[in-house]
Amino acid sequence: MRIDLASVPGRQERPNEDWVSASARASGAGALVVLDGVTPPAGGDGCVHGVPWFTDRLGGRLTELSGSRRDMPLGGILAEAVRATADAHRGTCDLSHVRTPQATVVMVRWDEVYVEHLVLSDSVLLLQSPGGEVAAVLDDRLDRVPREVLRSVAATDALRNAEGGFFTAAADPEVAARAVTGRTPRGGVRALAALTDGASRWTDTFGEGDWGECLAVLRKEGAEGLIARVRAIESDPARPPARYKQHDDASAVYAEF
Ligand SMILES: [Zn+2]
């Protein structure tokens, strides 16, 4: 088992709002958790703590439960972690605020029999079969929102964790039912990777290669290598200016069985 991970802030002067963990046990079981905290636009989020406080608690709880509660499905673990995190600031913060701290989620848990996964919002999970084919597991609800809508804070807020919009892990445990989940026999997975959108842009925004080529870069150059490639493209003066952030927090985990 080989696991390689990296997480790089978009800008040095801002805290990294991504959160990544991976665990591997002697039994051959293991898990990984990747969160991308959503940066609130100006105007506040009703929370006195901030996004890194939120992702520390949510990610920590998801990691702990992935190991200790192997009887619980990943959706149940996500619901429980969201509930516990909400309880930690219910008394001090307005959790009904539409921009209450929130994050995208990728979780993978494996043992000798199955590889289970959960994806919520726009982070990416790649699964490679023993034959080499790479499948991307995506929750594409955010992609289906027209670009012009996402330029308006008010219009985006109206779709945030709302029917017909897109869903993130915030303060409502019910969101777990919206996640894309599944499982694959362990023998059907040779390698896998989880990427926040700051890293997946190598494929889905810049079109430097397909998902299979992205996984090949991770294997050969590691998570840091993929993120370095993204940063080099973003800094290329010949490129047109980015539509949103020039550099986003970027995280990648690569695991090979
Ligand atoms: Zn708070």
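As a starting point, this report considers the structure included with it.

What counts, and at which threshold
- Residues numbered from 1 in each chain as written.
- Predicted model: local features only at pLDDT ≥ 70, side-chain atom pairs only at ≥ 80, totals over all residues.
- Heavy atoms only, no water.
- Helix = DSSP H or I, 4+ residues; strand = E, 2+ residues; numbered from the N terminus.
- Rg over C-alpha atoms; globule rule 2.2 N^0.38 Å.
- Buried < 20%, exposed > 50% of the residue type's maximum accessible area, 1.4 Å probe, protein only.
- Donors = N, O, S within 2.8 Å, 3.2 Å for Na, K, Ca; no water.
- Tetrahedral: all angles 85-135°; square planar, octahedral: opposite > 155°, others 65-115°.
- Pairing = 2+ DSSP bridges.
- Axes fitted to C-alpha atoms, helices over the stretch in contact; angles between N-to-C directions.
- Contact = heavy atoms within 4.5 Å.
- Polar contact = N/O pair within 3.5 Å; in protein donor to acceptor, adjacent residues only side chain to side chain.
- Expected span 1.5 Å × (residues − 1).

Moving on: the overall build of the protein chain. Looking only at helices and strands, one finds six helices and 10 strands in the protein chain. The C-alpha atoms of the protein chain give 18 Å as radius of gyration, which agrees with the globular expectation for 257 residues (18 Å, within 12%). With respect to the principal axes defined by its C-alpha atoms, the protein chain has extents near 50 × 50 × 35 Å. Across the 257 residues of the protein chain, 49% fall into the buried class.

Below, the discussion takes up the coordination of the zinc ion. Distances from the zinc ion to its protein donors, C47 (SG), H49 (ND1), H89 (ND1) and C93 (SG), fall at 2.1 to 2.3 Å. In this structure, the zinc ion is coordinated by four donor atoms arranged in tetrahedral fashion, with angles at the metal of 98 to 116°. All donors of the zinc ion belong to a single chain; written as a sequence motif, their spacing is C-x1-H-x39-H-x3-C. Under the relative-accessibility criterion, H49 is labelled partly exposed at 30%.

Spatially, the five strands line up as an open sheet ordered β1-β10-β9-β6-β7, and their pairing is antiparallel. Only two strands of the sheet have a single neighbouring strand rather than two, namely β1 (2–8) and β7 (134–137). Here the strands of the sheet are splayed against their neighbours by 10° on average, with no regard to which way each runs. Where strand β6 (residues 124–128) and β7 come together, four bridges link them in antiparallel fashion. Residue pairing across strands places L126 opposite A136, the latter belonging to β7. The strands touched by helix α6 (residues 211–234) within the sheet are β1, β6, β7, β9 (191–195) and β10 (250–256), with β1 carrying the most contacts at an inclination of about 35°.

Along the polypeptide, Q102 turns up in the loop between α2 (74–89) and β4 (103–110). On the accessibility criterion, Q102 (2% relative accessible area) is buried. Here the side chain of Q102 touches V98 through a polar contact of 3.1 Å, landing on its backbone oxygen. Side-chain polar atoms of Q102 contact the backbone oxygen of T100, separated by 2.8 Å.

Let us now look at helix α5 (residues 197–204). Along α5, six of the eight residues are buried, which leaves the element largely enclosed by surrounding structure. Among all positions of α5, only G198, A199, S200, R201, W202 and T203 are buried. In this structure, the buried residues of α5 make contact with β6, β9, α6 and β10.

Ordered by their spatial adjacency, five strands build an open sheet running β2-β3-β4-β5-β8, and the pairing between neighbours is antiparallel. Both edges of this open sheet fall to β2 (18–24) and β8 (180–185), since each of them pairs with a single strand only. Geometrically, the sheet is characterised by an average inter-axis angle of 5° between neighbouring strands, direction not taken into account. Where strand β3 (residues 30–37) meets β4, eight bridges bridge the pair, whose relative direction is antiparallel. Across the sheet, residue G30 finds its bridge partner in β4, namely W110. Running at roughly 165° to β3, helix α1 (residues 51–68) makes contact with β2, β3 and β4 of the sheet. Sheet strands in contact with α2 are β4 and β5 (114–120), and its direction is about 45° off that of β5.

Further remarks concern α1. Between the first and last C-alpha of α1 there are 26 Å, a value that for 18 residues agrees with the 26 Å anticipated at 1.5 Å per step. Every buried residue belonging to α1 is among V51, W53, F54, T55, L58, G59, L62, L65 and S66, and all of these are buried. Where α1 is buried, its residues contact β2, β3, α2 and β4.

All right, on to the environment of L138 then. Inspection of the secondary structure assignment puts L138 in the loop between β7 and α3 (147–150). For L138, a relative accessible area of 40% gives the class partly exposed. As for L138 and A179, which are separated by 41 residues in sequence, their C-alpha atoms are 9.8 Å apart. The contact partners of L138, leaving out residues within four places of it in the chain, are V124 and V180.

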